[in-house]
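The chain contents come next:
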Amino acid sequence: MNLPVPVAVGVWVVLGVVLLLLVLVGRRRLVARTRHTVPVPPPVPAALGPVRLEPLAATYVSSTLSGDWLARVGAHTLGDRATATVTVHDTGVLVERSGAPSVFVPRTSLRGVGLAPGMAGKYVGTDGLVVITWEDPAADDVPAVTLDTGLRTRHATDRSRLVDAVRHLMTSAPAPKDAP
């Protein structure tokens with residue numbers, strides 16, 4: 001059955017609007033669901049200390065609940081992909097995102113770093129993402145939670161440099177408060 005062109009175009013436009021609304025409703029639900037389980041990330045301190053690794057161009061892929069690379073966090077814009085600059089300072093790791101608030105991971109919150117083939121929002125294969133595991137401290141009656149933050153460096157050689165700098169920062173950090 002052939003429909004007249006204006007009717008066919010109208011059907012496609014309505015279908016597109018319905019799909020867009022479904023995406024927006026899903027996004028709102030994700031934000032609402034994770035707002036009560038993920039506290040507001042710590043603010044960027046005024047004094048970051050000396051730079052351990054100069055700024056690297058990267059893509060901030062997303063943050064997920066630790067250990068579940070598909071459990072994207074929608075709250076506090078932590079699930080939004082953005083171009084970014086990553087810098088390792090004495091006080092922690094600073095991810096300055098374009099069009100979104102910066103994410104600062106204090107060195108005392110770092111729990112691990114490594115390479116992974118992908119996470120929610122990006123799959124590149126062969127260990128193409130740097131994944132930083134960190135504890136988002138409790139805030140506003142929301143308990144602390146451990147997150148994985150994925151970064152895709154612009155240059156492949158920067159991945160190992162970033163991993164090494166974060167590992168070095170972790171080994172020089174004091175033991176976490178809950179450690180015996």
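Structure's up top.
Here the structure is a predicted model, which is why all the values come from computation and not from measurement.

### Topic: the overall build of the protein chain
Point 1. Within the protein chain, the regular secondary structure consists of two helices and nine strands.
Point 2. Of the regular secondary structure in the protein chain, the N- to C-terminal order runs α-β-β-β-β-β-β-β-β-β-α.
Point 3. Each of the three principal axes of the protein chain carries a C-alpha extent, and together these read 70 × 40 × 30 Å.
Point 4. Within the protein chain, the proportion of its 180 residues that are buried is 40%.
Point 5. Sequence separation of at least 24 residues holds for 62% of the intrachain contacts in the protein chain that already meet a minimum separation of 6.
Point 6. Total accessible area on the protein chain stands at roughly 10,000 Å², and carbon and sulfur atoms take up 62% of it.

### Observations regarding the packing of aromatic side chains
Point 1. Enumeration according to the criterion identifies zero aromatic pairs in this entry.
Point 2. The residue whose ring lies beneath Arg97 is Tyr60, and the NZ or CZ to ring-centre distance is 4.6 Å.

### A closer look at the nonpolar core
Point 1. Among the nonpolar cores identified, the biggest contains 27 residues, and Val88, Val93, Val95, Ile132, Leu162 and Val166 are the most heavily contacted of them.
Point 2. Those elements that place two or more of their residues in this core are β1 (51-65), β2 (82-89), β3 (92-97), β4 (103-106), β5 (110-116), β8 (129-136), β9 (145-153) and α2 (156-172).
Point 3. In terms of residues, this core owes the most to one element, α2, which gives five residues.
Point 4. Discounting residues that sit within four places of it in the chain, Val95 has contacts with Tyr60, Ala84, Thr85, Val86, Ser102, Val103 and Leu151.

### Some details on the environment of Thr153
Point 1. Mapped onto the fold, Thr153 is located in strand β9.
Point 2. Residue classification places Thr153 among the buried positions, given a relative accessible area of 3%.
Point 3. On a C-alpha basis, the gap between Thr153 and Asp164 in space is 14 Å, while along the polypeptide they are eleven residues apart.
Point 4. There is a polar contact of 2.9 Å between the side chain of Thr153 and the backbone oxygen of His155.

### Notes on a nonpolar patch on the surface
Point 1. A grouping of Val5, Val9, Val13, Val17, Leu20, Leu21 and Leu24 is seen on the molecular surface, where their side chains present a nonpolar patch of about 650 Å² in accessible area.
Point 2. Locating Val17 in the fold gives a position in helix α1 (residues 5-35).
Point 3. Judged by its relative accessible area of 45%, Val17 is partly exposed.

### Here we look at the environment of His89
Point 1. Within the secondary structure, His89 sits in strand β2.
Point 2. Separated by 17 residues in the primary sequence, His89 and Pro106 place their C-alpha atoms 9.3 Å from one another.
Point 3. Contacts of His89, omitting those with residues within four sequence positions, involve Leu48, Gly49, Pro50, Val51, Arg52, Leu94 and Leu169.

### Considering the pairing of β1
Point 1. For β1 and β2, the ladder comprises seven bridges, and the chain directions are antiparallel. Considered in β2, the bridge of Thr59 is made with Thr83.
Point 2. In this structure, β1 lies alongside β9, joined through seven bridges in antiparallel fashion. When the bridges of β9 are listed, Ser63 appears paired with Thr149.

Reading guide: rules and limits
Residues numbered from 1 in each chain as written. Predicted model: local features only at pLDDT ≥ 70, side-chain atom pairs only at ≥ 80, totals over all residues. Heavy atoms only, no water. Helix = DSSP H or I, 4+ residues; strand = E, 2+ residues; numbered from the N terminus. Buried < 20%, exposed > 50% of the residue type's maximum accessible area, 1.4 Å probe, protein only. Contact = heavy atoms within 4.5 Å. Areas by Shrake-Rupley, 256 points an atom, 1.4 Å probe, with all protein chains shown as cover. Phe/Tyr/Trp six-rings, centres within 6.5 Å; stacked < 30°, edge-to-face > 60°. Lys NZ or Arg CZ within 6 Å of the ring centre and 35° of its normal. Core = buried A, V, L, I, M, F, W, Y, C linked by side-chain atoms within 4.5 Å. Polar contact = N/O pair within 3.5 Å; in protein donor to acceptor, adjacent residues only side chain to side chain. Patch = residues over 30% accessible without salt bridge, like charges linked within 9 Å, V, L, I, M, F, W, Y side chains within 5 Å. Salt bridge = Lys/Arg side-chain N within 4 Å of Asp/Glu carboxyl O. Pairing = 2+ DSSP bridges.

From the geometry alone we can't say anything about function, so treat these as descriptive.
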